[in-house]
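Descriptive structure summary
Residues per chain are reported as follows:
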Amino acid sequence: MSSQITCVGWVGKGVAKETPDKVELSQEELQRIITEAKEELGELAAEEEEEEDEGIAEQTPDSNTAEVAEVPKDENEEEKEEDDELAEYGLDKYDEEDAVTANLGDSLAGLTVFSSNEEDPYITLKDTDQYEREDFQIKPSDNLILTGRAEKDCCNLEIYVYNSEEDSLYVHHDILLPAYPLCVEWLNFDPNPGEGPANYAAVGNMTPQIDVWDLDVVDCLEPAFSLGSKKASKKKKKSKKGAAAAAEPVEGHTDAVLDLSWNKLVRNVLASGSADDTVILWDLSQGKPATTLRRHTDKVQTLSFHPFEAQTLISGSYDKTAVLYDCRSPDSSYRTWRFSGQVERLVWNHFSPCNFLASTEDGFVYCLDARSDKPVFTLRAHDEEVSGLDLSSQIKGCLVTSSADKHVKIWDILGNKPNLVHSRDMKMGVLFCAACCPDLPFVYAFGGQKDGLRVWDISDVAAVAEVFGSRERLVLNTGSQASSSTAATADMEVS
């Protein structure tokens, strides 16, 4: 498997710490981490052995077959061949002095030595440490891009620095992940009382556990905190064995976490959708599930909190439905829509707060009004699943989709009449994700099957500049308090 970018997310300008902290572990901490890792690996190995013992009967070797050993060559013949091969190098005279270079001073007479690189006219790069220090610092004009990278033998969360003014993009640092990453969500809530806004990334992966990493710390080996347990799925499997397992209920998911959505208005709430068919609302201040929603009958692949209404959440599933919840009473206040295929992505239209967009595995994009059962419009966007779906952060009507058909398409959906502006084969194989920069409305990040992260300023395309270049920019301001939602909604309706 070549290197894949499975998920992508942005961090706004001015959020990250200017000079991130570096982890320095004591011997005791390092020993503890190593011991825990060994125990975990031991448990995994023991479980694998159990499964093999249960599922596979041992096969005895056939007594009639015998191993045939190769007849060795005569030892003297081998030695003779080796001597012939090495003779040309004259190794037997290796220690004899060469008369020409016997005097060491003569051989070094032509070398000039400078006391420092500053004095040497041939060294133009004077101080590499200075350049490294500059790259390590994060400027107020830098955006961070979070990417889940999966390779054959390891998985990483890579933190890129992107600066549009300097046209620079590089990996600032990376974090080794325990399993294949499926989703990433930025959040700034710190569960430690008395602490200010944080800079965290929550990562969902093929295990039931959600790990939350501190982006302002470099070289960290452990997450800042975790939600749920990796052992949840193992407990589920073992429970079939009967007696011993009538066990305690598991707090959290029991299968892979497929998507995450952080509530920007009630900042201690994070929603997660899982392959166990459930949606969990986590209370980050307690580190425990507050509510579990069970309205789907198959894997929950996508979910999104409303940008201005703290209580409103929507989720989409393999069961070809999307469900809208009022989280204050989710068991009684919900609405369901059914689609032609599995729901791949959901996104709220922050310019028309009652509308949301849904993409499906059969290439369609639907626009729906949360107050109505019928779609506002239906668009056949791609030939295969629409895996990436995101509206411009500031340009009204600008929609970008990416697909397993390897293409990115830019649409103008102003007036609910979708019109294709531009289409491009990204040469990245199957595309997995797309996300718009919160500060730069034409800059999108894409991840796919090959060629790593791709950042594209779509305004470089003449057709895009012509359609959207003169359109008014509306800057979102969701605020940090739920009480600001009404005012924000009113602001967004004014174009």
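Moving on, we get to the overall build of the chain. Per the secondary structure count, the chain includes seven helices and 29 strands. A burial count over the chain gives 44% of its 495 residues as buried. Counting only contacts in the chain whose residues sit at least 6 apart along the sequence, the fraction spanning at least 24 positions is 49%. By element, 47% of the accessible surface of the chain is carried by carbon and sulfur atoms, the whole surface being about 27400 Å².

A few words on the pairing of strand S19 (residues 343–348). By the criterion of burial, S19 is predominantly enclosed, with five of the six residues buried. Summarising the sheet, S19 and strand S20 (residues 355–360) pair through five bridges and their orientation is antiparallel. By the bridge assignment for S20, Leu 346 is matched with Ala 358.

With 38 residues, the main nonpolar core has Leu 146, Leu 157, Leu 215, Leu 270 and Leu 284 as its most contacted residues. With near-sequence residues (within four places) excluded, Leu 284 lies in contact with Leu 187, Phe 189, Pro 191, Phe 225, Leu 227, Trp 262, Arg 267, Asn 268 and Leu 270. Grouped together as the second largest cluster of nonpolar side chains are 19 residues, Val 421, Phe 446, Val 464 and Phe 468 included.

In this section: unusual backbone geometry. The backbone phi angle of Asp 167 is positive, close to 55 degrees, even though this residue is not glycine. If you trace the backbone, Asp 167 turns up in the loop between strand S4 (155–163) and strand S5 (168–177). The phi dihedral of Lys 406 is positive, around 75 degrees, even though this residue is not glycine.

Turning next to the packing of aromatic side chains. Scanning the model with the defined rule gives nine aromatic pairs in all. Both rings, one in Trp 10 and one in Tyr 162, keep their centres 6.0 Å apart while their planes meet at 80 degrees; by these two values the pair is edge-to-face. Residue Trp 10 is located in strand S1 (residues 4–11), and its partner Tyr 162 is located in strand S4; the two are separated by 152 residues in the primary sequence. The pair Trp 10 / Tyr 162 is uniform in exposure class, with both members buried.

The subject of this paragraph is the pattern of salt bridges. Throughout the structure, instances matching the rule amount to eight salt bridges. Note that Lys 139 is salt-bridged to Glu 166, the shortest N-O span being 2.5 Å. Residue Lys 139 is found in the loop between helix H4 (128–136) and strand S3 (143–150), and its partner Glu 166 is found in the loop between S4 and S5; the two are separated by 27 residues along the sequence. We classify Glu 166 as partly exposed; its relative accessible area is 46%.

Sheet architecture is open: four strands sit in the order S23-S24-S25-S26, paired in antiparallel fashion. The open sheet has two edge strands, strand S23 (386–391) and strand S26 (419–425), and neither has a second partner. Direction aside, the axes of adjacent strands within the sheet are offset by 20 degrees on average. Bridging between strand S24 (residues 398–403) and strand S25 (residues 407–412) involves five bridges; their strand directions are antiparallel. When the sheet's bridge partners are listed, Thr 401 is paired in S25 with Lys 409.

Attention shifts here to the sheet that holds strand S14 (residues 288–293). Reading across the sheet, the four strands line up as S11-S12-S13-S14 and stay open at both edges, with antiparallel pairing between neighbours. Each of the sheet's edge strands pairs with one partner strand only, and the pair in question is strand S11 (257–262) and S14. Strand after strand, the sheet turns through a mean of 25 degrees between neighbouring axes, direction not considered. Pairing analysis gives five bridges linking strand S12 (residues 269–274) to strand S13 (residues 279–283), with the strands arranged antiparallel. Paired with Ala 271 across the bridge in S13 is Leu 281.

With that settled, the discussion passes to a negative patch on the surface. Where like charges cluster on the molecular surface, the negative patch consists of Glu 361, Asp 383, Glu 384 and Glu 385. Among the secondary structure elements, Asp 383 is positioned in the loop between strand S22 (375–380) and S23. Take Asp 383: its relative accessible area is 63%, and that puts it in the exposed class.

Under the definition given, this model contains zero disulfides. Free of any disulfide, Cys 436 has its nearest neighbouring cysteine sulfur in Cys 437, separated by 6.5 Å.

Moving on, we come to the side chain of Asp 390. When you line up the elements, Asp 390 lands in strand S23. As a buried residue without a salt bridge, Asp 390 has its nearest oppositely charged side chain in Arg 345, at a separation of 9.1 Å. In terms of polar contacts, Asp 390 uses its side chain to reach the backbone amide nitrogen of Cys 436, at 2.8 Å. Filtering out sequence-adjacent residues up to four positions away, Asp 390 remains in contact with Val 347, Cys 398, Leu 399, Val 400, Ala 434, Ala 435, Cys 436 and Tyr 444.

Turning our attention to the confidence of the model for the chain. Caution is warranted with low-pLDDT regions, since their predicted coordinates should not be read in detail. Per-chain confidence: the chain averages 83 in pLDDT, with 74% of residues scoring 70 or above. Within the model, pLDDT remains below 50 along residues 234–247, and this stretch shows ten contacts once partners closer than five positions in the same chain are excluded. Confidence drops under pLDDT 50 across residues 479–495; counting only partners more than four residues distant or on other chains, this segment forms 27 contacts.

Before going further, it helps to examine the pairing of strand S29 (residues 454–457). Moving residue by residue along a regular strand, the side chains alternate between the two faces of the sheet. Pairing of strand S28 (residues 443–448) with S29, which is carried by four bridges, proceeds in the antiparallel orientation. Looking at the pairing, Tyr 444 lines up with Trp 456 of S29. Joining the antiparallel neighbours S28 and S29 is a turn of five residues, in which Asp 451 adopts a positive phi near 70 degrees.

What follows covers the side chain of Ser 317. Looking at the secondary structure, you find Ser 317 in strand S16 (residues 312–317). Given a relative accessible area of 0%, Ser 317 falls into the buried group. For Ser 317, the side chain forms a polar contact with the main-chain oxygen of Asp 298, separated by 3.1 Å. Look past the residues within four positions of Ser 317 in its chain and what remains in contact with it is His 296, Asp 298, Lys 299, Val 300, Gln 301, Gln 342 and Val 343.

The rules behind these values
- Residues numbered from 1 in each chain as written.
- Predicted model: local features only at pLDDT ≥ 70, side-chain atom pairs only at ≥ 80, totals over all residues.
- Heavy atoms only, no water.
- Helix = DSSP H or I, 4+ residues; strand = E, 2+ residues; numbered from the N terminus.
- Buried < 20%, exposed > 50% of the residue type's maximum accessible area, 1.4 Å probe, protein only.
- Contact = heavy atoms within 4.5 Å.
- Areas by Shrake-Rupley, 256 points an atom, 1.4 Å probe, with all protein chains shown as cover.
- Pairing = 2+ DSSP bridges.
- Core = buried A, V, L, I, M, F, W, Y, C linked by side-chain atoms within 4.5 Å.
- Phe/Tyr/Trp six-rings, centres within 6.5 Å; stacked < 30°, edge-to-face > 60°.
- Salt bridge = Lys/Arg side-chain N within 4 Å of Asp/Glu carboxyl O.
- Axes fitted to C-alpha atoms, helices over the stretch in contact; angles between N-to-C directions.
- Patch = residues over 30% accessible without salt bridge, like charges linked within 9 Å, V, L, I, M, F, W, Y side chains within 5 Å.
- Lys, Arg positive; Asp, Glu negative; His and termini not counted.
- Charge placed at Lys NZ, Arg CZ, Asp CG, Glu CD.
- Disulfide = S-S within 2.5 Å.
- Polar contact = N/O pair within 3.5 Å; in protein donor to acceptor, adjacent residues only side chain to side chain.
- pLDDT = per-residue confidence, 0-100.

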